[in-house]
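Structural description and commentary
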Amino acid sequence: MTEPRQPRRRVPRPARPGSAAGRGAAPRPAARKTAARAAKPAAPSAAKAASRPAAARTAPRQSAPRPPAVLRLGSPRPRLRLVSLALTLVLLSFVVRLFQVQAVDASAYAAKANENRYVPVKLAAERGAITDRDGVALAATVDAYDITADPSLLAPERTGIDDAPQRAAKLLAPLLHEDRATLAAKLGQRRTRYVLLARQQTPQVWKRIKDLRRTLDATAAAAPKRAPRPDVLVGIFADKHSKRVYPNKDLASGVLGFVNSAGKGSGGIEALLDRKLAGKDGKLVYAQSGGRRVPTADVQEHPAVPGTDVRLTLDRDIQWAAQQAITEQVRKSRADRGYVVVQDTRTGEILALANAPGFDPNDVAKADPEALGNAALTDAYEPGSTSKLMSMAAVLEEGVATPATRVTVPNRLHRGDRLFADDVDHRTWYLTLNGVLAKSSNIGTILAAGQLGKTQAEANRTLYSYLHAFGIGRPTGLGFPGETDGILARPQDWNTSQQYTIPFGQGLSLNAVQAASVYSTIANGGERIAPSLIAGTTGPDGRYAPAPRPERTRVVSPKTASTLAAMLESVVDDKEGTGPRAKIDGYRVGGKTGTSNRVDPKTGRYRGYTASFAGFAPADEPRITVYCAVQNPTVGSYYGGRVCGPIYKQVMAFALKTLQVPPTGTRPPRLPVTFKPGE
């Protein structure tokens, strides 16, 4: 009988390093190191392990201690490659930027550098002067000073004086011609360091202030140390600049115009010749660093070119006489305005061009806006009977009548849809053609002008051609800013009324210079010379260049002009003429009165009158033409002979003496004015 087999015991295997059991049974690091040192000499061999008792072999084995980890250094090559790549990219970006700055955008960056390094300074050109025909200054450029102050320097803690602003104002008020209280208020502003006390003062004014300051400084130096300083002008300064001045104030202001705050010409010759007068500004470019000029650096300077001096044809003395006369008449008549034109008949040069009221171009801010400009060239108005000279010139030149031609003038004349009358109510007049002009008959002029053609339309065309040749309806030739050409419709456009009113000066319009030019044409033997205001210019090089010669046009023959001059004498010299107040003792004078209905520029309707007078002297050897017009006189007479006749006489007499024109000593022809019917 066999014995039953004993079951085999399983001996547990030691756990492998890294297994879960081994990890669970692994001692702490310190214990492992101690156990390893203790077990190292006693490690049993395989033979000894076999000789151990079975019980000992079956006992669980303790796991062997884990060997310590070995530290290894990483390779530096990947990191070096990464750093090298980064540095390469950085250097590449610097190279690209450097190439852009020094090659692609080099000029742009150089320009920006120059803008910051170099400072441009404007060198203002001196504006040219405007003089009369003799070189007397009418407009000039001078040094001027704006007087300023730093009120903080007048504080009591600075000066030791409580009322320093008041003391300074007391000293400055007489010099600056400013109100004392206003100056004291400006100087007492302690919260500001800059106030403007007075603009555009002369160098003499600033010199007086500096002299006064030196006196105060000397007084302060002599005073005791503890005494308050009496120098109350310590905070007064001056800003230097140029100033346009008109030494004769309102004299010829309408011709000269003025300069605005920006230094540009505004009106008159200042605007017409602004480019020539202004010159060309220069430039100074210097290097700076830290806001200071570098003395050793290069300096680029482009000097300013001074403006051109302009010489006018005006005579200052004649201009003054004309302006005084018309200003007084406008004031006395309480008129809207008036003008006087004086012209040299031989050259067409304008010797005087006066307007009233005028303005002072030194202080335009205080001027009446309606007085600005040159009304003698910008006003268009109906001339009235002074225009009859052109109708008579056409009649004589066409040979349809002579000064002795008889004209029966009724009390009324029916033409078209109107009844025409003369300025005075009268019975039938028996006048010669010379008498029609002398007595200024509207009806007689209509009858005479009607002979210029077989039909009224033909007569209109003939009259129009002469009016246009005399310069009506076209520019005077001056090229003045705002100048009007006047109004002269073409003959086919004349309405029923115009074809009969235009011959005696209603239904057309002109300016004062055009009216004067008509009489100068007759005085010059029938040749029209375009009016001129500019005699010549003097450039920066000092060379004088005369103005181009004006245009000349033959209008009527010398014979017709001589006949008309004799007829104009009848207006002034004959007892029946309308202009006896224009007589000048010792001289033969030819002239014509004018009284016309005036169109009110505000309403466009007829209201008031235009009184005028035009003529020349000596009548037999003409030298000077004078034309005067007064708009809307409201006090006294409104007739041209009464209002403007005396002005003509006063200005003409002065001009003849100024230019030393002697009387001719001859007697006038005494042409007939009337005739007796039946003889």
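Residues numbered from 1 in each chain as written. Predicted model: local features only at pLDDT ≥ 70, side-chain atom pairs only at ≥ 80, totals over all residues. Heavy atoms only, no water.

**Some remarks on the overall build of the chain**
- Scanning the chain from N- to C-terminus turns up 24 helices and 24 strands.
- Relative to its full complement of 679 residues, the chain shows a buried share of 42%.
- Intrachain contacts of the chain at a sequence separation of at least 6 include 72% that bridge at least 24 residues.
- Summed over its atoms, the accessible surface of the chain is roughly 38200 Å², and 52% of this surface lies on carbon and sulfur atoms. (Helix = DSSP H or I, 4+ residues; strand = E, 2+ residues; numbered from the N terminus. Buried < 20%, exposed > 50% of the residue type's maximum accessible area, 1.4 Å probe, protein only. Contact = heavy atoms within 4.5 Å. Areas by Shrake-Rupley, 256 points an atom, 1.4 Å probe, with all protein chains shown as cover.)

**Let's talk about the packing of aromatic side chains**
- Applying the stated rule across the entire model yields nine aromatic pairs.
- Summarising the aromatic geometry, the rings of Tyr 339 and Tyr 381 are spaced 5.8 Å apart at their centres and angled 25° between planes, so their arrangement reads as stacked. One end of the pair, Tyr 339, is in strand S12 (residues 337-344); the other, Tyr 381, is in the loop between helix H15 (375-378) and helix H16 (388-397), with 42 residues separating them in the sequence.
- For Tyr 339, a relative accessible area of 1% gives the class buried.
- You can call Tyr 381 buried: its relative accessible area is 6%. (Phe/Tyr/Trp six-rings, centres within 6.5 Å; stacked < 30°, edge-to-face > 60°.)

**Focus: the confidence of the model for the chain**
- Confidence along the chain averages 85 in pLDDT terms, with 85% of residues attaining 70 or more.
- Segment residues 15-51 is flagged for pLDDT under 50; beyond a separation of four residues in sequence, or across chains, it makes 14 contacts in the model.
- Taken together, the stretch residues 53-59 has pLDDT below 50 and engages in five contacts with residues farther than four places along the chain or on a different chain. (pLDDT = per-residue confidence, 0-100.)

**A look at the pattern of salt bridges**
- One pass over the full model with this rule turns up 22 salt bridges.
- With a closest N to O distance of 3.0 Å, Arg 127 and Glu 270 form a salt bridge. Note that Arg 127 is positioned in the loop between strand S1 (118-123) and strand S2 (130-131) and Glu 270 in helix H12 (residues 268-272), a separation of 143 residues in sequence.
- Owing to a relative accessible area of 9%, Arg 127 belongs among the buried residues under this scheme. (Salt bridge = Lys/Arg side-chain N within 4 Å of Asp/Glu carboxyl O.)

**With respect to the environment of Leu 351**
- Its place among the elements puts Leu 351 in strand S13 (residues 350-356).
- We classify Leu 351 as buried; its relative accessible area is 1%.
- The contacts of Leu 351, once residues within four sequence positions are left out, are Arg 133, Thr 313, Leu 314, Asp 315, Ile 318, Gln 319, Val 342, Gln 343, Asp 344 and Leu 659.

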